Amino acid sequence: GRHTRRPINNRTRRGSMAALPTEEEAKAALQGGADSWRNLVLRALAFGTEYHVVVTQQQAASSSGDLRGRLPSRAEEAANLLATSLEGYLAQMHHEAPQDTAFSIQDQMKSDPVINATVESLWTVGCLVSSEDESKPPTEGGAGGGDDQTPKQISNDCLVTIIRALARPRPAQQSNQMDTTDDSSPPPNNLPLIPTSLLQTSLELQLLEQVGMLPKAIPLKKKNPNQPDKTPASDAVRRLRKLNTDLYYRQNKFNLLAEESEGYAKLLNYLIVGIRDGGVTAPGAVRHVTELIGAFDLDPNRVLDLSLDVLECSLRDAVRSGEARSFADVRKGGEDEWGLSHLRSSLGGRVASAPVIGTLLGLIREL
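Counting restarts for each chain, with residues numbered from 1 along the sequence as it is written. Thresholds applied to this predicted model are a pLDDT of at least 70 for local features of residues and 80 or more for the giving and counting of side-chain atom pairs; totals over whole chains, interfaces and linings are not thresholded and use all residues. Side-chain metrics rest on all non-hydrogen atoms present in the structure, leaving aside hydrogens and water.

Describing the packing of aromatic side chains
- The aromatic pairing rule takes the rings of Phe, Tyr and Trp, using the six-membered ring of Trp, and pairs them if the centres are within 6.5 Å, calling planes under 30 degrees apart stacked, those over 60 edge-to-face and the rest tilted. Here the structure, examined in full by the defined rule, presents 0 aromatic pairs.
- Only Lys NZ and Arg CZ are tested; either one counts as a charge over a ring when it is within 6 Å of the ring centre and within 35 degrees of the ring normal. Taking the ring centre of phenylalanine 47 as reference, the NZ or CZ of arginine 74 above it sits at 4.2 Å.

Topic: the environment of valine 286
- Only runs of H or I of at least four residues qualify as helices and only runs of E of at least two qualify as strands under DSSP, and these elements are numbered from the N terminus. Within the fold, valine 286 resides in helix H14 (residues 282-296).
- Taking C-alpha positions, valine 286 is 9.6 Å from arginine 365, a pair spaced 79 residues apart along the chain.
- Those residues in contact with valine 286 that lie beyond four places of it in its chain are Gly362, Leu363 and Glu366. By definition, residues are in contact when any of their heavy atoms lie within 4.5 Å.

Considering helix H11 (residues 232-248)
- With 17 residues, H11 extends 24 Å from end C-alpha to end C-alpha; this agrees with the ideal 24 Å at 1.5 Å per step.
- Think of it in three bands: residues with accessible area under 20% of the maximum for their type are buried, residues over 50% are exposed, and the middle band is partly exposed, with areas taken using a 1.4 Å probe on protein chains only. Three or more residues of H11 are buried, namely Ala233, Asp235 and Ala236. Down the axis of H11, the buried side of the element spans an arc of 155°, and every buried residue falls inside it.
- Lining the buried residues of H11 we find helix H10 (205-211). Expected helix span is given by 1.5 Å per residue-to-residue step, counting one fewer step than there are residues. Each C-beta atom gives one direction from the helix axis, and the arc is the one those directions make.

Overview of helix H2 (residues 23-32)
- All of the buried residues in H2 are Ala26, Ala29 and Leu30. All buried residues of H2 fall inside an arc of 100° around its axis, so they share one side. With respect to the buried face of H2, the exposed residues turned more than 90 degrees away are Glu24, Lys27, Gln31 and Gly32.
- Phi turns positive one or two residues past the end of H2, at glycine 33, with a value near 110°.

Side note on the nonpolar core
- Take the buried residues of types Ala, Val, Leu, Ile, Met, Phe, Trp, Tyr and Cys, join any two whose side-chain atoms come within 4.5 Å, and each joined set is a nonpolar core. Residues Trp37, Leu45, Leu82, Leu122, Leu166 and Leu199 are the most contacted members of the largest nonpolar core, which totals 53 residues.
- No other element matches the 12 residues that helix H5 (residues 64-96) contributes to this core.
- In this view, tryptophan 37 contacts Ala26, Ala29, Leu30, Leu82, Ser85, Leu86, Val114, Ala117 and Thr118; residues no more than four positions away in its chain are not counted.
- Formed by 23 residues, the second largest nonpolar core is a distinct cluster that contains Leu267, Val286, Val289 and Ile293.

So, the packing of helix H7 (residues 113-128) against helix H8 (residues 151-167)
- Interaxial angles span 0 to 180 degrees and are taken between N-to-C directions of axes, which are lines fitted to C-alpha atoms, for helices over the stretch in contact. Interaxial distance between H7 and H8 falls to 10 Å at its minimum, and their mutual angle equals 160°. Overall, the two elements H7 and H8 adopt an arrangement that is roughly antiparallel. At the point where H7 passes H8, the crossing takes the left-handed sense. In this structure, H7 contributes Thr118, Leu122, Val125, Gly126 and Leu128 to the contact, and H8 contributes Lys152, Leu159, Ile163 and Leu166.
- Residues belonging to the contact of H7 with H8 are distributed by class as follows: 6 nonpolar, 2 polar and 1 charged. In these notes the angle categories are as follows: under 35 degrees is roughly parallel, over 145 is roughly antiparallel, 65 to 115 is roughly perpendicular, and the rest is oblique. Crossings are classed by handedness, with left-handed meaning an anticlockwise turn of the near helix from the far one by less than a right angle and right-handed meaning a clockwise turn. Under the convention adopted here, Pro, Cys and the residues Ala, Val, Leu, Ile, Met, Phe, Trp and Tyr are nonpolar, Asp, Glu, Lys and Arg are charged, and Gly plus all remaining residues are polar.

Considerations on the environment of aspartate 229
- Relative to the helices and strands, aspartate 229 is located in the loop between H10 and H11.
- Expressed as a C-alpha distance, the spacing of aspartate 229 and isoleucine 218, which sit 11 residues apart in the sequence, is 10.0 Å.

A few points about the confidence of the model for the chain
- Confidence of the predictor at the level of single residues is given by pLDDT, which spans 0 to 100. Scored by pLDDT, the chain comes out at a mean of 75, with 66% of its residues at no less than 70.
- Note on residues 1-17: pLDDT under 50 across the span, and 1 contact to partners over four residues away in sequence or across chains.
- Counted against residues more than four places away or in other chains, residues 173-187, with its pLDDT under 50, gives 21 contacts.

Section: the environment of glutamate 120
- With respect to the helices and strands, glutamate 120 occurs in helix H7.
- Distance in space between the C-alpha atoms of glutamate 120 and valine 41 is 9.8 Å, their sequence separation being 79 residues.

What about the pattern of salt bridges?
- When a carboxyl oxygen of Asp or Glu is within 4 Å of a side-chain nitrogen of Lys or Arg, the pair counts as a salt bridge. Throughout the structure, instances matching the rule amount to 11 salt bridges.
- Linking arginine 38 and aspartate 35 is a salt bridge whose minimum nitrogen-to-oxygen distance equals 2.8 Å. Of this pair, arginine 38 and aspartate 35 both sit in helix H3 (residues 34-49), 3 residues apart, roughly one helical turn.
- Assessed through its relative accessible area of 54%, aspartate 35 is described here as exposed.
- Aspartate 305 is paired through a salt bridge with arginine 302; the nearest N and O atoms lie 3.7 Å apart. Taken together, the positions of aspartate 305 and arginine 302, both in helix H15 (residues 300-320) and 3 residues apart, correspond to about one turn of that helix.
- In this structure aspartate 305 comes out as partly exposed when scored by relative accessible area, which is 32%.
- By relative accessible area, which is 26% here, arginine 302 ends up partly exposed.
- Three or more residues are tied together by salt bridges with common partners; here these are Asp35, Arg38 and Glu120.

As structure tokens, this is what we get:
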């Protein structure tokens with residue numbers, strides 16, 4: 001007798017873990033804070049999707065047909081429980097919010113710990129029951145798809161049903177604890193229980209595509225007829241990749257000399273006149289140019305380019321003046337990395353601009 005009753009007890013124990021919470025438990029969880037509500041949401045999602053059974057590969061006792069037969073109705077029950085609980089919570093939150101607050105009810109919902117705990121629970125379960133075959137199109141009606149669905153896909157469709165119920169705009173309901181005789185404004189009408197923007201920034205793209213929260217992909221001309229059509233998720237990935245590149249890797253530079261004319265004018269005046277007339281050494285030039293870059297927010301690449309232009313002009317003037325021998329006469333070799341020894345030998349030490357050229361070389365080396 002004990003051996004025959006043991007499997008029944010095991011199934012009963014598993015079923016009790018996935019039992020749908022009651023409305024009284026939901027109210028108590030909302031009063032207990034975000035952690036208590038998160039645990040209740042996971043219990044409701046376990047009842048409506050059986051993700052805890054599907055993920056641990058314990059669906060051998062129940063075939064896909066059994067899941068398809070019972071999960072859609074259980075998903076509706078879980079969605080109704082969560083929706084009813086959140087409706088009362090949001091109505092109470094709107095009633096308690098100051099009437100002269102600068103933030104709208106949607107802004108308050110985005111930062112509310114209970115709403116964020118709900119979204120985090122949806123994201124967690126969505127990662128666990130995500131479909132293995134991402135190329136397969138999502139089921140149009142949510143739960144209750146085709147006969148060839150795997151248990152994981154059935155569970156994923158039930159999660160889509162729950163998310164759609166929470167994201168669907170609905171009329172506001174007055175809380176039972178609210179005093180409707182006062183002059184406070186009624187709760188906002190036709191708003192989703194969870195802000196759409198919060199779901200779009202938290203859930204995975206594949207799940208958002210199945211829920212229908214991604215814009216349609218822009219059709220493009222196909223170079224290859226066999227190339228598959230773009231899905232909203234793949235189009236969103238492409239857009240995000242392009243936006244990420246524009247934000248962090250692409251440098252938008254235009255006419256920088258015209259954008260900060262005063263800073264670059266002082267820089268050119270210092271490179272051409274200040275170093276020559278002031279007898280500035282390389283460390284002093286580096287310090288002064290660094291101060292100009294910081295004071296006028298100059299582009300370091302443009303500063304280096306201008307320094308190279310000034311050095312080129314100084315070398316050309318030195319060679320054309322006849323004060324130096326041809327650079328072709330310089331012997332190969334030398335220990336100096338920047339060729340200062342070759343420059344000294346080529347100039348013969350008789351060029352007046354040699355200190356300026358040496359200072360410019362030292363400045364360019366630091367830049």
